[in-house]
Structure formats: structure tokens, C-alpha cells
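Residue-level listing of the chains:
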Amino acid sequence: MSDKHAPLKNHRVRNRTSSWFSPELSGIFLQKNRAWALARKTGTPVDWLFFRQLRNKCTAAVRKAKSNYFLNAMTDSAGDPAKFWKTVNSLKRGNSAVSLPKQITSDSCILSEKNDICDAFNKHFISAGFLFERKSGHCGTGQLVDFSSCFSSVTLKNGNPVFSLQKITEAEVLAALCAIDTKKSLGAVNLDPFLLKCAAPIIAGSVTHIFNLTLSTGIIPKVWKAAFVLPLHKGGDGSDLDNYRPISRLPCLAKILESIVNKQLQSFLSANSILSTNQSGFRSKHSTTSATMLVVNDIANALDDIKHCAALFVDLSKAFDTVDHAILLSKLSSIGVGTDACRWFYDYLKDRTQAVMVDGVKSDSLQLLKGVPQGSIIGPLLFSLYINNIGDDVRYCKFHLYADDTVMYSIAPTADQALMQLESDFRILQGSLLQLKLVLNAKKTNVMFFSRSKLSVRNTFVITSLDGTQIKQVSAYKYLGVWLDDRLSFKKHVTELGKKLKFKIGFLYRNRACLSFVNRKQIVQATFMSVLDYGDIIYMHASANTLKPLDAIYHCALRFITGDSYKTHHCILYQHVGWASLSVRREQHALLFIYKALLLKLPPYISSLISTRYTHFKTRSQMWITLETPAVSTELGRTAFSSFAPYLWNKLQIQLKLDTLVSLAHFKNVMEDQYDVICDCFC
């Protein structure tokens, strides 16, 4: 009945609230609409011609008003980065803030009311912690057991270092309060970060006393353990709850306390080398680039030695949400965390609550019985400690972690041997996951085989999980933001990167009239080049034909900045903008990466790949710092970091002639002076 008498219809809502929309534009729109109505009524060519003229006039007036407004706004905000980027973001269509989906599916029911959607999200996030129990058929309350029972089975050896929480100074708290980001959420405490920052000199002493009280008593205020959760869409179907990740918004004071404790724990772990050398997540001197570089280097060297490599990219389901608190506390005790510090962490995990709050709608608060809060300061480090020894029992494979992103790869003289070793260690890894009550996502876990042989080994060897699920064999996999393919050609990566960059450049061109030359250059540098430069030293030795599409997109971005025509030669574009070609940029990035390795500012697994050349001869050139160049037999072997790093460094040393290591900032300046040529095309 309602569909018949009151059917739903789509109506276009015209925007009249834009800051650049003026009364003059409103008058032109009114004239255009009247001319359109008259032309439709009469249908005469004269009236239609008059309407088209007014329509074109209206379009031109809108473009002019919009460009003038944004040009003036960005000029006024040139000295205020926050205001500048707020103006830039206002050019985007739609709202980039987190919002609730219109409807979701929960327990086979479609929910559309905001309160119901928030409650469903919260229950889903809480229940994700019991994924292991549901998969294994075990049942449990999830209640954190008594403090003493968490450590009954752990006995520290005499002489082992013990971590204890140190007294916090007022200077530390004052510095943290002054550095508060005033845009952060209020949290459950409802304390405005701006107020805390303004009152920092007055309240620093009182806040320090409260912090030290929590450390000495091992009790954290319950309101500091209450979180408001944002459901962040990861991609896929927006109505599927599994496609959302919970991000906790904690009170500012709680995050400051966490950051200070996190710093103390990090210092203890670094001083005693407790964290595994195979873990790169959330550690200083480590990055996704260093982790990926290690994996690519090992595979390239293996193929250069005419060996075969089988790699398994392991995916875990709800890894952060399924952390078992009792196991975590036992892990902390086993690495040397003292009783008083363990009691503090026990209370940190105990009685945590969360509620989903989006668009002003808040769900009921529920107790968090599993996991570490995503969005917290110390949560990532606790997770790293939780899985720190997950690869200790692996026998044949090399193993690397970046938080929960895990890769293990076997290198052997034959394909069958490599695959058999991988399968054997995969079973050992699954046993370790069961002990930690972590759940393997077999559907997203992939295996890839690297070989110089042109014969494919697909479907010749089947790897299965413990529950019998067959692991999918792929020819390309996105590992830490870089697409790796079974030939290390990086064609897939360049293709996917090109798609992303074209989308960005399309948005920039649509708003070009609103931006000055300086604004265009600043926006491209921040939003476009950061994407293009990410991980570029990993695929820098791909073939020229593979990298050519990136050059074309880069030149398109330069033409957006300069306003030059399509036929303008790229060398002229480089000169107008003052930027180098992509090949020169990659070489500069590689040299900075190499120099950081020499300064030991990169992980040991990278620094150990290169070694300084020593000689008994005392010639002038032998006084320079040069690197040993390993012997390789193929072009693929030359793409390994252990091979191209000495080549690039020794070539630069012909000009620099460094006999001692200087600071990184000084090296950057010296290197930029050597790279005065911004184009290497020899045109």
C-alpha cells in the first residue's frame, strides 16, 4: 500500500551551503532555471539557445567563484599547515570521517536503526576475542584468572635482568601534556585535550602524582580503561561485520601514562635484546621497507645460486583481538618483568570496557575479556611480545614478522625439497599458534613458489592446514604494501601502483584551477610523491619496460604542477619543478638506505648484508670507505641488496672519497651536491 501511494523516489539535493556560493551565483542559477522552464514549455530554438548560453555562463561563474575562493583561502593559510590541509580536504567530495553504514547483517537479520547497528558492532568486536574457542570447540568464561596463578609456572633464573616501573618525573609529564594533539577525542573521561594542554604547567604536578600512584599500587582508574570504539571499514561488503576493524579512542591521560610505560619497557627490551631479530613491527630503526628488502634479498640470492624458494604468507584472524590475557602475563613474567610491574599490567588488562560510538550514537558498554586494544600506545608492543617466540621451533625455513604479518620461506636445491621443508615447518608454526590460542586464516594464507625455471610447479604439490584446508598457491602477493611475484619482476606492483596514482592525479586535475603553483607542488609532494616513493628501492631494478608507466604518470603530475602542454619534454618539466627523474630519486633513496645501514640506523639483518672492504695496501684510494662486492652470476642476483648496495656505494665514493662516517644530515647535503643532474636520459 505504501509503495503504491507513497513510493520512494530519488531526488537530487543541490548544495547551497558551500562557502564559495554567493548571492550573485544564486541569481544566475535562477535565471538559468527560468530559461530552462521556458525552453521546455515553448520548444523554440531561440529559447533553447538562450538557455544554453545561460547554462554556460553559470558553469563558468561557478568555476571562477570556486577557484577564487580556494586560491584566497590557501594563500591566507600558507603559514598554517593544519588550516591549509583542511582547505584542501574540503575539495574532496563526500565526508571522509568514520560513519555508520546504512544497514548491516547480524545473525541473519538486517539492521538499519543506528542504535541497533552500534550494539551489533560492539557485540561482534567483543565476540571476536573468542574466535579460538569457537573454532576449537572449547568453552570458557574468558574471565582473567587470579594474579598469582598467571605466574605459578614461571621461575626466573638468578642473575636475569628484571624490569620494574620507574618513578615518573614531572618534567616527563609536562612535556607530554604540552605535546598533546588537541584534535584527539575526549574519550570516556570527557576531558578536552585543548584544556589539558593549556593547563599543563598547572596540572603537571598533580597528574604526575596520580601516575606514580598507579605504578606503586598497580591500580589504574577504571574510567581510564573505558574506550569508545570506531568501526573502521577495511574494504569489501559494507554490511558485513567481519569487514570492520575496531579502533579504540582512549582518554588522553591514559594514553600519556601508556606512552611513558611503553618507553620504559622498550628501553628494557632493547638493552637486553629480548625482542626477536625476526620481528620488525613497532620497533625503532625497523620499517616495512627493511623487512621487505630482507625477504627480496634472500629470494634473489637463492635464485642466483640456482636454488628454489617456496614462501608461505601467513594470515591470522583477529590477531590483536584474540590475545589471551593469562598467556600474555605469563610471557611478560618469563622475559623478566617484575612482580610489581606484572601487577600493573594485570590491572591494565583487567576490567576493560568498550562501547561503539559513531555519529553521536553510543552502544551499551561491554567488558573486554580478550585482546589488546587497537589504538592504544602499548598494545602493539604487548602483541609483539605475545608472538615473540612463535618461530623458535622452525627448523628449515627463514622466518620474518611485521606485527601479525608473517612470512616463512624455504630455500633448497630442488623444488620438492623446498616445498617439503615448508610444509614441515608450517605444521610446527600451526602448533605454536594453537599454544597461543591464535587462529590461522587458511583462506587468506597463500603459498608462492619462486624459481628461475620456466616450468610451472603449480598444482604439483598441495599444502594443507591442520584442519585440512588447502592453501592457495598464487603467482603474486601483496606483502607489506609491495606486490611480490614469482619472477620478482614487480610488474604486478607497478600496475597496481599506477592505478592508485591515476586516481589521485584525476582528483588533482579536477581541482587544478583552485590551486596556485606553490599549492600544487606542495600537494603533489605530500599526497602523490609519498605514494610513488614508498618502497621504490625494492623494485628499482625492474626492467625499463616495467617501470615506464610510472614515468608517464610522474610526468603527468609534473604537468599538473607547471601547466605545461602534453608535448613538453620531460627534461623541461624537471627543470621547471626542480625535481629529479624517478630513476635518480630511486638511486638517491637507495644510497640513503645504504648509509643508514653503515651508521647502524637500520636493523642488524640489513646492516649484516654489507661489509667494509679491508686491504693491507696503503694507497690513497684504499683509505676510502668501500664495500665488499659479492660475486653473482645472473642479472637477478645483481638486484639483491647485498649486491647492488656495494656497487652503488663504491661508485659514489669515487666522487665523495669519504674516509670517516659523517652525520646523516651532512651526508644528505653532500650527496645532493653530487646529484646536480636531475635527468639521466642523455637526450
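Quick caveat: nothing in here was measured; it's all calculated off a predicted structure. (Residues numbered from 1 in each chain as written. Predicted model: local features only at pLDDT ≥ 70, side-chain atom pairs only at ≥ 80, totals over all residues. Heavy atoms only, no water.)

Draft legend 1. Inspection of the overall build of the protein at higher detail. Looking only at helices and strands, one finds 24 helices and 16 strands in the protein. Sorting the 683 residues of the protein into buried and exposed places 48% on the buried side. Carbon together with sulfur atoms contributes 53% to the accessible area of the protein, which is approximately 35,700 Å² in total. (Helix = DSSP H or I, 4+ residues; strand = E, 2+ residues; numbered from the N terminus. Buried < 20%, exposed > 50% of the residue type's maximum accessible area, 1.4 Å probe, protein only. Areas by Shrake-Rupley, 256 points an atom, 1.4 Å probe, with all protein chains shown as cover.)

Draft legend 2. Quick peek at the pairing of strand S7 (residues 352–358). Most of S7 is tucked away: five of the seven residues are buried. Note that strand S3 (residues 226–233) and S7 share four bridges and pair parallel. By the bridge assignment, Phe228 is partnered in S7 with Ala355. Pairing analysis gives two bridges linking S7 to strand S8 (residues 361–362), with the strands arranged antiparallel. Looking at S8, one finds that Val358 is bridged to Val361. Adjacent in sequence and paired antiparallel, S7 and S8 are bridged by two residues, among which Asp359 carries a positive phi angle near 55°. (Pairing = 2+ DSSP bridges.)

Draft legend 3. Inspection of unusual backbone geometry at higher detail. Of note in the backbone geometry, Ser273 takes a positive phi value of approximately 50° without being a glycine. Within the secondary structure layout, Ser273 lies in the loop between helix H10 (252–271) and helix H11 (288–304). With a relative accessible area of 63%, Ser273 lands in the exposed category. Although it is not a glycine, Leu488 adopts a positive phi angle of roughly 55°. Here Leu488 is to be found in the loop between strand S16 (482–485) and helix H16 (491–510).

Draft legend 4. Layout of the sheet that holds strand S10 (residues 398–402). Overall, mixed pairing links the five strands, which are arranged S10-S11-S5-S13-S14 in an open sheet. Edge positions in the sheet fall to S10 and strand S14 (472–473), since each has one partner strand and no second. By the bridge criterion, five bridges tie S10 to strand S11 (residues 405–412) in an arrangement that is antiparallel. Within the sheet, the bridge partner assigned to Leu401 lies in S11 and is Thr406. Contacts from H11 reach strand S5 (308–314), S10, S11 and strand S13 (446–450) within the one sheet, and its direction differs from that of S11 by about 15°. Packed on one face of the sheet, helix H15 (residues 415–435) meets S5, S10, S11 and S13 and runs near 145° to S11. (Contact = heavy atoms within 4.5 Å. Axes fitted to C-alpha atoms, helices over the stretch in contact; angles between N-to-C directions.)

Draft legend 5. The pattern of salt bridges, seen in detail. Applying the stated criterion to the full structure yields ten salt bridges. The shortest N-O distance in the salt bridge between Lys437 and Asp324 comes to 3.7 Å. Taken as a pair, Lys437 in the loop between H15 and strand S12 (439–440) and Asp324 in the loop between strand S6 (316–317) and helix H12 (325–334) lie far apart in primary sequence, 113 residues in all. Across the pair Glu496 and Lys499 runs a salt bridge, and its minimum N-O distance is 3.7 Å. (Salt bridge = Lys/Arg side-chain N within 4 Å of Asp/Glu carboxyl O.)

Draft legend 6. Fine view of the side chain of Thr322. Considering the arrangement of structural elements, one finds Thr322 in the loop between S6 and H12. Residue classification places Thr322 among the buried residues on the basis of a relative accessible area of 1%. Not counting residues up to four positions away in its chain, the partners in contact with Thr322 are Ala128, Gly129, Leu131, Ser317, Gly371, Lys437 and Leu438.

Draft legend 7. Summary view of the environment of Phe194. Looking at the secondary structure, you find Phe194 in helix H8 (residues 193–198). Taking relative accessible area as the criterion, Phe194 reaches 49% and is therefore assigned partly exposed.

Draft legend 8. Representation of helix H23 (residues 641–656). With 16 residues, H23 should reach 22 Å at 1.5 Å per residue; the first-to-last C-alpha distance of 21 Å fits that figure. When you tally the buried positions in H23, you get twelve out of 16 residues, the bulk of the element. Of all the positions in H23, only Phe641, Ser642, Ser643, Phe644, Ala645, Pro646, Leu648, Trp649, Asn650, Leu652, Gln653 and Leu656 are classed as buried. Count one or two residues on from H23 and you reach Lys657, which has phi positive near 60°. (Expected span 1.5 Å × (residues − 1).)

Draft legend 9. How the structure looks around the confidence of the model for the protein. Looking at the protein as a whole, the pLDDT averages 86, with 89% of positions reaching at least 70. Within the model, pLDDT remains below 50 along residues 152–158, and this stretch shows six contacts once partners closer than five positions in the same chain are excluded. (pLDDT = per-residue confidence, 0-100.)

Draft legend 10. Here's a closer look at the packing of aromatic side chains. Following the criterion strictly, the structure yields 20 aromatic pairs and no others. On the numbers, 4.3 Å between centres and 15° between planes, the contact of Phe313 with Tyr477 is stacked. Placement of the pair is Phe313 in strand S5 and Tyr477 in strand S15 (residues 476–479), with a sequence separation of 164 residues. Looking at Phe313, the relative accessible area reads 1%, which means it is buried. (Phe/Tyr/Trp six-rings, centres within 6.5 Å; stacked < 30°, edge-to-face > 60°.)

Draft legend 11. Geometry of the packing of helix H20 (residues 582–598) against helix H24 (residues 664–674). Two elements in contact, H20 and H24, have axes whose closest approach is 11 Å; the angle formed by their N-to-C orientations is 150°. In terms of orientation, H20 and H24 fall into the roughly antiparallel class. By crossing handedness, the relation of H20 to H24 is classed as right-handed. Touching Gln588, Leu591, Leu592, Tyr595 and Lys596 of H20 are Leu664, Phe667, Lys668 and Met671, all from H24. (Parallel < 35°, antiparallel > 145°, perpendicular 65-115°, else oblique. Left-handed = near helix turned anticlockwise from the far one by under 90°.)

Draft legend 12. Structural view of the side chain of Gln264. Positionally, Gln264 belongs in helix H10. On the basis of relative accessible area, Gln264 is assigned to the buried category, the value being 15%. In contact with Gln264, other than residues within four places in its own chain, are Phe163, Ser164, Leu165, Gln166 and Ile168.

Draft legend 13. The arrangement of the pairing of S10 in detail. With respect to burial, S10 is a largely interior element, four of its five residues being buried. Between S10 and S11, which pair antiparallel and follow one another directly, the connecting turn spans two residues, one of which, Ala403, has a positive phi of 60°.

Draft legend 14. Examining a positive patch on the surface more closely. The grouping of Lys285, Lys596, Lys601 and Lys668 at the surface amounts to a positive patch. Note on placement: Lys601 falls in the loop between H20 and helix H21 (604–607). Take Lys601: its relative accessible area is 42%, and that puts it in the partly exposed class. (Patch = residues over 30% accessible without salt bridge, like charges linked within 9 Å, V, L, I, M, F, W, Y side chains within 5 Å. Lys, Arg positive; Asp, Glu negative; His and termini not counted. Charge placed at Lys NZ, Arg CZ, Asp CG, Glu CD.)

Draft legend 15. Layout of helix H17 (residues 517–533). Gln525 marks the point of greatest bend in H17, at about 40°. Within H17, burial applies to Asn519, Arg520, Ile523, Val524, Phe528, Met529, Val531, Leu532 and Asp533. Looking one or two places after H17, you find Gly535, whose phi comes out positive at around 65°. (Bend = angle between axes of the 7 residues up to and from the residue.)

Draft legend 16. Focus on the packing of helix H4 (residues 81–89) against H17. Their axes nearest at 12 Å, the elements H4 and H17 cross at an angle of 85°. Between H4 and H17, the angle is such that the two are roughly perpendicular. Mapping the contact onto sequence places Phe84, Trp85 and Val88 in H4 and Asn519, Gln522, Ile523, Ala526 and Thr527 in H17. For the contact of H4 with H17, a count of residues per class yields five nonpolar, three polar and no charged. (Nonpolar A, V, L, I, M, F, W, Y, C, P; charged D, E, K, R; others polar.)

Draft legend 17. Structural context of the environment of Asn545. By secondary structure assignment, the location of Asn545 is in helix H18 (residues 544–562). Note on Asn545: relative accessible area 67%, which makes it exposed. Each C-alpha atom, one on Asn545 and one on Lys491, is 9.4 Å from the other, the two residues being 54 residues apart in sequence.

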